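Survey of secondary and tertiary structure
Chain by chain, the residues run as shown.
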Amino acid sequence: MEFSLVVAHDSERGIGRDGRIPWQIRGDMQRFRELTLKSGFTNVVIMGRGTWESLPKKHLEKRINLVVSRTLPKATPQITVCGSLEEAISFSEGIGKFSKLNVSAIGGVSIYAAAMNDLRFQRIYVTEVDGKFNCDKFLSEIPKDYELESRGRWVDECGIKFRYLTYERRK
Ligand SMILES: NC(=O)c1ccc[n+]([C@@H]2O[C@H](COP(=O)([O-])OP(=O)(O)OC[C@H]3O[C@@H](n4cnc5c(N)ncnc54)[C@H](OP(=O)(O)O)[C@@H]3O)[C@@H](O)[C@H]2O)c1
């Protein structure tokens, strides 16, 4: 079972503004898809209710969508509602008994914070977007037990510069 965080943040560690992501980068969207939709795996995404509300289709295709909420009704055909991150992880582990599992925590603030502090989450895949985007939601500091495993070169897409970083939890 692989548990990771997938996040894009700006130079101030901002991740969102007014309930959405204030940039649109095709390269980042492609990487998000590759990381959360690995072939040969059952793919699970865990998100908070706010992130779920920000999704245009209210689910991500070909992935098991777990939405953490204390207020949403229990289930729809497209999502499973979990009362806590722990419940979402237990649900995932249940599926993982039967198949190879790729679990991605995809936001927002409190889901990322809780996942970073849960030892089952071994990797953080970051897209760092250059600049300040006036965000109102921020990623908390990455704990010291993660070390930088790789840092890609800056890429320019339509005037927005970004790069990929991968952190791995020290063994
Ligand atoms: N840049 C990125 O990579 C990225 C990724 C994801 C999201 N975003 C952005 O981030 C913003 C949304 O994030 P957010 O932090 O505002 O919201 P969020 O974390 O997605 O959702 C918050 C809600 O999730 C539920 N929740 C969170 N932690 C919980 C827990 N431990 N137990 C039970 N329920 C819990 C609660 O729902 P209830 O109130 O229903 O109980 C809470 O109100 C948007 O702007 C979005 O575009 C950016």
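Let us look at the structure shown here.

**A look at the overall build of the protein chain**
Helix and strand counts for the protein chain stand at four helices and eleven strands. The C-alpha atoms of the protein chain give a radius of gyration of 15 Å, which matches the 16 Å a tight globule of 171 residues would have. Classification of the 171 residues of the protein chain by burial places 33% in the buried group.

**A few points about the nonpolar core**
The biggest cluster of nonpolar side chains holds 40 residues, and the ones touching the most others in it are Leu5, Val7, Ile46, Val68, Ile111 and Ala115. Beyond its immediate chain neighbours, meaning those up to four positions away, Ile46 contacts Leu66, Val68, Leu85, Ala88, Val103, Ala105, Ile106 and Ile111.

**What to know about the site of the ligand**
Taken together, 29 residues lie near the ligand, and Gly16, Gly48, Gly50, Gly107 and Gly108 sit nearest. Of all the secondary structure elements, the ones that give two or more residues to the shell around the ligand are strand E1 (2-9), strand E2 (14-16), strand E3 (42-48), helix H2 (49-54) and helix H4 (109-116). Partitioned by chemical class, the residues of the shell around the ligand number twelve nonpolar, 13 polar and four charged.

**Examining helix H3 (residues 85-96)**
For H3, with twelve residues, the first-to-last C-alpha span of 16 Å sits near the 16 Å given by 1.5 Å per residue. In this fold, the buried residues of H3 make contact with E3, strand E4 (64-68), strand E5 (79-82), strand E6 (101-105) and H4.

What counts, and where the lines are drawn
- Residues numbered from 1 in each chain as written.
- Predicted model: local features only at pLDDT ≥ 70, side-chain atom pairs only at ≥ 80, totals over all residues.
- Helix = DSSP H or I, 4+ residues; strand = E, 2+ residues; numbered from the N terminus.
- Rg over C-alpha atoms; globule rule 2.2 N^0.38 Å.
- Buried ≥ 20, exposed ≤ 12 C-beta atoms within 10 Å, placed from the backbone.
- Core = buried A, V, L, I, M, F, W, Y, C linked by C-beta atoms within 7 Å.
- Contact = placed C-beta atoms within 7 Å.
- Near = placed C-beta within 6 Å.
- Nonpolar A, V, L, I, M, F, W, Y, C, P; charged D, E, K, R; others polar.
- Expected span 1.5 Å × (residues − 1).

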